[in-house]
Structure formats: structure tokens, C-alpha cells
Amino acid sequence: MSLTGTPFFLTSIALLVIAVVLPLAIWSRIAGPPLLRGLARLLMLLFAQITAITVVFVLVNNANNLYDTWGDLLGTDSHVAVAKDLGPDGMGGRQIKNQPRQIQQFRPADDPKVGPGVQMTNLKGRISGVVGEVYVWLPPQYDDPAFKNKKFPVVELLPGYPGSAKAWFGALHVAEQLGPKMQRGEIKPAILVAPRTTLLTGADTGCVNITGKVNADSWLTVDVRQMIVDNFRAGDRPHSWALAGYSAGAHCAAKLALAHPDRYRAAVAMSGYNDPALEPDSLAGKDPKLRFQSNPLHILKAANAAGRPPRTALYVSGAAGDGYQAGLGLQQLAKRPTTVTVHQIAANAGGHTTVVWRNQVPEIFRWLGLQLRA
């Protein structure tokens, strides 16, 4: 039974009803010694508590797309086949141009909550050694005969931690919000790509490469990126690609865009942070060297010191104490051609929640439309 499916939700509701009705029906009818009667009543109360907690968890999980599968929740799934030393460029000595095309079979997304038009595939990363699902949504113009020879820009969508690859389509309603606006020409059409980011049991990868553990950076910036170029009319130049994330995904979006200006032109970071250690489960945050190297502030400082400020545009939004100061820190370091736009969210806007990020979707994609071209 699927963790996020309707059958499990209805089952949890039914068990809660039973847990409430059962004590009312038999509380005073329980026979036997006092100890046995007390134990039976205690078990009924515990059953009621467990079922109530289960229903609340299911509602929260389905609303926010935190855990996709039982394996994600219980920590029994691993999506890393191998994690070789890929070197500083994350390529392991290989060149994308020398790799054969990786043609994938796509099918409609297996969760109706993501909405119509979302398709998915299971990708085996040839460079990273990661295996995971990737969700793709094509803009309304993609199948229009007038655009048959046109390539489209791409935005990679990254959730928080814990977080499902479906979260942008499910909890944030990104396709539902953008489809009509792209159709009317209010927002530039783009391909939306949401890859799996939960790769290890009980850990946030911080979107870094760690030999022997996981090559999350190469999964997102090499394997997923190239697969989209191989299978769709997607631009393959940096000015065609961007990242967008919230919470831990915001940290990843800013880090990856600044670290790979040869792959991405822009990034959106909503309610994120610069120091990966602010996420207690971050593998990058627990390693002093990685903590320093994967901090967007350090990446930007190092590039500036080398006389190579990245040609990267960042849009950072957040409330005071929840991403706003992180954006200001990056803005103070930015040197042309790096640009950093910072937008402060009102303290009473809704906190660190999907509601706040969902409301920003049209605005951030208008901004992305100004940065990207196919």
C-alpha cells in the first residue's frame, strides 16, 4: 500500500474511527480481573493515540510531500549504486560530449496529486552512480507545431529536506500555476525538471560529492542535466539552465549555480541558508572541509579572489532569520557579472512553509524568464 496513496489515507481514517468508537462501545463491558480490564483499556487508549498521530502524519506528509515511499520514511532505501572519486569537476575524467545519448522511457507520473502533464522516468546516473526518479513537465508550447524546431530553457526544481521530488508539482502546484501563464505569454515557457534529492538513509547530502558515500552534485548537475538534453528539445548552454529550491533545496540551488557557472546561468533560493551545518542532518555540514567549501559565500569569495566572478544571477528570498540575511551576505560579495537580487518576506507571511513558497512561484518564474534563453 503506497504511503501517499488514497487507500492508505482512507485506511488510517477508518482505523481512527474504530479507535474512537470501540472504547465508547465496550469500555464498561470488559470482563475479567481488574488488572486485565485496566490493561485492555490502556491498549485501547494507546491504539487511539497511534491512529490519531498516523492520520495527522498522513495529512502533513501528503500536503508537503515530505516522504515519497515507505523506504524513504523507514530509511530502508538507498539510491546510490556506487560513489567513485570523480575529481574536482565531478566528471571522473570523462567528457559529456564523448558519452552516447541516454534515451529514457517516460510514463505518466504515478501520483495524481502532481497534476496532469507530469511524466517520470527512473534514471541510472552514468557519472554519479545514483539511481532515482526524475519528474518532467513540458510547457504548453512544446507540442505546438509553431515551436517544433524551438529549444526551451530548463529549470531544475529542488525540494527541502526531508522532501519528495514531487513536492514542487504537488505541494507548490508549480505546473498548475505556470501552465496558463505560459500559454498566455505572461511567463517565458520552460521545461521543469524535478529529480530525486533524498539519496541516503537519514541524511541530507547537501548536494555534494563524497567519495564512497554519494555523488549528489554530479547526479544533479551532470547526469540529470544531460539526460534532459538527450531526451527533450532543451538548450544545452549555461544560459538555458537554472535551479530553484526552497529550504535545503535553496542552499543547493545557490551552491550549485555558483560552483558551476559553466552549467547554470541562474538560481532561485527561497528560505535557504549559506552554512550547510544549519541543517543538522547535512553530510556537508558535518565535515569541516566540505562545510567550508560548499558554503555559497566561500564559493563566491574564492571566485572573486581568483579574478573570475561567476556569470550567475541569484534571486534570494526569505524572512528575517530565515534566508533574508543569507541573501544579503551574498549580495554584498557580488561583483559583475554576478548579480544577487534579495527579496524580504514579511514575518507574518506564513513562516517556513510550502504556503509561503507556493505564493512566490509566479514571481520567481517571471524573474527566471528574464535570465534564461534557449
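Above this text is the structure in question.
Described in the following lines is the structure provided in the data block. Each residue is numbered by its place in its chain's sequence as written, counting from 1. For a predicted model such as this one, the threshold for reporting local features is a pLDDT of at least 70, and the threshold for listing and counting side-chain atom pairs is 80 or more; totals across whole chains, interfaces and linings nevertheless cover every residue. The basis for the side-chain values is all heavy atoms of the structure; hydrogens and waters are excluded.

### Comments concerning the nonpolar core
The criterion is simple. A nonpolar core is a set of buried Ala, Val, Leu, Ile, Met, Phe, Trp, Tyr and Cys residues joined through side-chain atoms within 4.5 Å. Three exposure classes are used, based on accessible area relative to the maximum for each residue type with a 1.4 Å probe and protein chains only: buried under 20%, partly exposed in between, and exposed over 50%. Counting 49 residues, the largest nonpolar core has V134, I191, V214, W219, I228, L243 and L314 as the members making the most contacts within it. Setting aside anything within four residues of it in sequence, one finds V214 in contact with V80, A83, V130, L199, L200, T205, V208, N209 and L283. Core analysis: the next-biggest nonpolar cluster, separate from the first, contains 40 residues, M120, L172, I364 and W367 among them. Every residue pair with non-hydrogen atoms within 4.5 Å of one another is taken to be in contact.

### Describing the state of the cysteines
Two cysteines joined by a covalent bond between their sulfur atoms form a disulfide. Note on disulfides: each one is a pair of cysteine sulfur atoms within 2.5 Å. Scanning the model with the defined rule gives one disulfide in all. What pairs with C207 in a disulfide is C252, and their sulfur atoms sit 2.1 Å apart. Across the S-S bond of C207 and C252 the torsion is about 95°, and the bridge reads as right-handed. Of the two residues, C207 is situated in the loop between β5 (191–195) and β6 (209–210) and C252 in helix α7 (residues 248–259); the sequence distance between them amounts to 45 residues. A relative accessible area of 4% means that C207 is categorised as buried. Each helix is a run of H or I in the DSSP string that is no shorter than four residues. Each strand is a run of E no shorter than two, and both are numbered from the N terminus.

### Comments concerning the layout of surface pockets
Taken as a whole, the largest pocket spans an internal volume of roughly 670 Å³. The method works on a 1 Å grid over the protein atoms by themselves. A cavity is a set of points holding a 1.4 Å probe that cannot get out, a pocket is an open set with protein on both sides within 12 Å along at least five of seven lines, and residues with an atom within 4 Å of a point line them. Forming the walls of the largest pocket are 24 residues, and the residues nearest its centre are G87, P88, D217, L290 and Q293. Elements that contribute at least two residues to the lining of the largest pocket include exactly β6, α6 (216–231), α7, α9 (288–293) and α10 (296–305). The leading source of residues in the lining of the largest pocket is α9, at three residues. Here the nonpolar group is Ala, Val, Leu, Ile, Met, Phe, Trp, Tyr, Cys and Pro; Asp, Glu, Lys and Arg are the charged ones; every other residue, Gly included, is treated as polar. Looking at the lining of the largest pocket residue by residue, the class counts come to seven nonpolar, ten polar and seven charged. Roughly 410 Å³ of volume is contained in the second largest pocket. Lining the second largest pocket are 21 residues, and of these Q95, I96, K97, R225 and Q226 lie nearest its centre. Grid points are joined across faces, edges and corners, and a volume is the space filled by probe spheres set on the points.

### Observations regarding the environment of V136
Within the secondary structure, V136 is located in strand β3 (residues 131–137). Residue classification places V136 among the buried residues on the basis of a relative accessible area of 0%. C-alpha of V136 to C-alpha of L16: the two residues are 120 residues apart in sequence and 37 Å apart in space.

### Considerations on the packing of aromatic side chains
Two rings from Phe, Tyr or Trp (for Trp, the six-membered ring) form a pair when their centres sit within 6.5 Å of each other. Planes less than 30 degrees apart are called stacked, planes more than 60 degrees apart edge-to-face, and all others tilted. Under the defined criterion, the tally for this structure stands at eight aromatic pairs. Their ring planes at 70° and their centres at 5.1 Å tell us that F106 and F232 sit as a pair that is edge-to-face. With F106 in the loop between α3 (70–74) and β1 (107–108) and F232 in the loop between α6 and β8 (241–246), this residue pair connects regions lying 126 residues apart in the sequence. The exposure class assigned to F232 is buried, which follows from its relative accessible area of 11%. Three or more aromatic residues link up through ring pairs in this structure, and these residues are F106, Y142, F147, F152 and F232. Charge-over-ring contacts are defined here by two conditions on Lys NZ or Arg CZ: a distance within 6 Å of the ring centre and an angle within 35 degrees of the ring normal. Over the aromatic face of F152 sits the side chain of K150, whose NZ or CZ is 5.9 Å from the ring centroid.

### Remarks on a positive patch on the surface
To count toward a patch, a residue needs a relative accessible area above 30% and no salt bridge. Like charges then connect within 9 Å, nonpolar side chains (Val, Leu, Ile, Met, Phe, Trp, Tyr) within 5 Å. Note on areas: Shrake-Rupley, 1.4 Å probe, and residue coverage restricted to the protein chains presented here. Salt bridges, as used here, are contacts in which a Lys or Arg side-chain nitrogen is within 4 Å of a carboxyl oxygen on Asp or Glu. Positive charges come from Lys and Arg, negative ones from Asp and Glu, while His and the chain ends are left out of the count. Where a charge lies is defined by one atom per residue type, namely NZ (Lys), CZ (Arg), CG (Asp) and CD (Glu). Together, K150, K188, R237 and R373 give the surface a local cluster of positive charge. Note that K188 resides in the loop between α5 (174–183) and β5. On the basis of relative accessible area, K188 is assigned to the partly exposed category, the value being 37%.

### A short note on the pattern of salt bridges
This model, assessed by the stated rule, comprises seven salt bridges. Taking the shortest distance from any N to any O, the salt bridge between D111 and K166 comes out at 2.8 Å. Here the residue D111 occupies a position in the loop between β1 and β2 (118–124), and K166 occupies one in the loop between β4 (154–158) and α4 (167–170), the gap between them amounting to 55 residues. In this structure D111 comes out as buried when scored by relative accessible area, which is 6%. The exposure class of K166 is buried, given its relative accessible area of 3%. K255 serves as the salt-bridge partner of D217, at 3.5 Å between the closest nitrogen and oxygen.

### Brief notes about the pairing of strand β9 (residues 266–270)
Taken across its five residues, β9 has five buried, putting it largely inside the fold. Side chains A266, V268 and M270 project from β9 onto one buried face, and the interleaved A267 and A269 project onto a second face that is buried too. In this sheet, β9 lies alongside β8 in parallel orientation, the contact comprising five bridges. Paired with A244 across the bridge in β9 is V268. A clockwise path from the first strand over the helix to the second, with the strands pointing away from the viewer, defines a right-handed crossover. Remark: the β8/α7/β9 crossover connection has right-handed handedness. Any two strands with at least two DSSP bridges between them are considered paired. Relative to strand β10 (residues 313–318), β9 runs parallel, the two sharing five bridges.

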